[in-house]
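# Per-entry structural report
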Amino acid sequence: MTVLTHKPANKLITTSSDLLPFIESLPDAIVIVNQEHRIVLVNTVAAVMFGHPVEALNGSDLTLLIPVPNRNSHSQSVEGYFRAPHSRPMGVEKRFSGLRADGTEVPVDIMINTIVLDGAEAAMAVVRDVSYQRALEERLTRESLTDGMTGFFNRRYFVAQLEAHHSDALRSGLPTSVMMFDFDHFKTINDQYGHAGGDTVLIDTATMIQRELRALDVACRIGGEEFAIILPNTQLNNAVAFAERIRKRIENMEFSSGDVTFHATITVGVASFTSTDTSYDSLMKRADKLLYAGKAAGRNCVIAQDSAIDSPLIA
Ligand SMILES: Nc1nc2c(ncn2[C@@H]2O[C@H](COP(=O)(O)OP(=O)(O)OP(=O)(O)O)[C@@H](O)[C@H]2O)c(=O)[nH]1
């Protein structure tokens, strides 16, 4: 395995006048700092990236380019760097942001090397604007965890969250409940009002539910017309009351497909973690069973776990 960090520094010995044409030819920002944390040389790309003229940057304290919350730790890192100079390649350490003149931050990747500039030891930072990569990463992460149609989280996220909540609930003893629901006779809705009519039901319902949630609740679309909401720190009876409110809201909603309006209903299973649940899966299976018991009982209803059989955690 190749270890990229903490190589002994290869010192470049040069002068500002020799180095400037070279750094001006580079596509990245170059910021050279002396041991007093003062900027001694920058290229035009740095001036454009940070929104300060070259003349304003040269001679300024480096903190000018560091977001306020990071300034202390950054100063310590610079001091540490000069005590034990080493070259640091890009993309291997934590994420950095630079501070622009207008107060906004620019996500950057930084490579540092030691140089001797005009006879004095200095650190040369190659600073690359990675806004595009960071935005792309965030978008891909979001897209891999959410459902494009409703904006709810997807099944993969639901399972991961439920697993995390199971560990939390066992450790803290705090109740976590889940309501799982499925539209009734959704096939008939599609048949009567078209697939677009069915989609409208899913989208409008998600919009309504989103407004009802607390910040800590996790709403997920776990199947075509199947949804699950994780309700952390919620006792079974409160989860049932919430589920009943949502069920009634949906029953009273008017959906439209072209000129036609119609109604839809849901059947809900509500379950809470018990001290005997060995994994998140037990809760999921219980909620699913309750949902199907509700379908068998005639649909458009909320069926809750029987506390006498499956005694939920109580705060
Ligand atoms: N419009 C639309 N329909 C979907 C979507 N995902 C799944 N469906 C449809 O949902 C229907 C689900 O049908 P079933 O599983 O038979 O259930 P149901 O008709 O709701 O019957 P019950 O659940 O027993 O009340 C199927 O016709 C699927 O094609 C979607 O994203 N949009």
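Remember, it's a predicted structure, so these values are computed and weren't measured experimentally.

### Here's the deal with the sheet that holds strand E10 (residues 218–221)
- Taken in spatial order, the 5 strands of this open sheet run E10-E11-E9-E14-E15, and their pairing is mixed. Every interior strand has two partners, whereas the edge strands, E10 and strand E15 (302–304), have only one. Within this sheet the neighbouring strands show an average axis-to-axis angle of 15°, counted without direction.
- Pairing between strand E9 (residues 176–183) and strand E11 (residues 226–232): 7 bridges, direction antiparallel. Across the sheet, Met 180 pairs through a bridge with Ala 228, a residue of E11.
- Along the sheet face, helix H6 (residues 155–172) touches E9, E10 and E11 and points at about 25° away from the line of E11.

### A short note on the environment of Ile 30
- Structurally, Ile 30 is set in strand E3 (residues 29–34).
- Assessed through its relative accessible area of 0%, Ile 30 is described here as buried.
- A sequence separation of 172 residues divides Ile 30 from Leu 202, and the C-alpha atoms of the two residues are 51 Å apart.
- Beyond its immediate sequence surroundings of up to four residues, Ile 30 is in contact with Ile 23, Leu 41, Val 42, Asn 43, Ala 46, Met 124, Ala 125 and Val 126.

### Here we look at the domain arrangement of the chain
- Here the chain is described as being made up of domain 1 (12–134) and domain 2 (146–304).
- Between the C-alpha centres of domain 1 and domain 2 there is a distance of 51 Å.

### Remarks on the layout of surface pockets
- Of the volumes computed, that of the largest pocket is approximately 680 Å³.
- Every element with two or more residues in the lining of the largest pocket is listed here: E3, helix H4 (71–83), strand E6 (96–99), strand E7 (105–117) and strand E8 (120–129).
- Here the lining of the largest pocket gets 6 residues from one element, more than from any other, and that element is H4.
- Its residues assigned to classes, the lining of the largest pocket shows 18 nonpolar, 8 polar and 4 charged.

### What to know about the pattern of salt bridges
- In total, this model carries 16 salt bridges according to the counting rule given.
- Each of Glu 244, Arg 247, Lys 248 and Glu 251 takes part in a single network of salt bridges with overlapping partners.

Calculation rules
- Residues numbered from 1 in each chain as written.
- Predicted model: local features only at pLDDT ≥ 70, side-chain atom pairs only at ≥ 80, totals over all residues.
- Heavy atoms only, no water.
- Pairing = 2+ DSSP bridges.
- Helix = DSSP H or I, 4+ residues; strand = E, 2+ residues; numbered from the N terminus.
- Axes fitted to C-alpha atoms, helices over the stretch in contact; angles between N-to-C directions.
- Contact = heavy atoms within 4.5 Å.
- Buried < 20%, exposed > 50% of the residue type's maximum accessible area, 1.4 Å probe, protein only.
- Domains from an automatic or database assignment.
- 1 Å grid on protein atoms, 1.4 Å probe; cavity = no way out; pocket = protein on both sides within 12 Å on 5 of 7 lines; lining within 4 Å.
- Points joined across faces, edges and corners; volume = space filled by probe spheres on them.
- Nonpolar A, V, L, I, M, F, W, Y, C, P; charged D, E, K, R; others polar.
- Salt bridge = Lys/Arg side-chain N within 4 Å of Asp/Glu carboxyl O.

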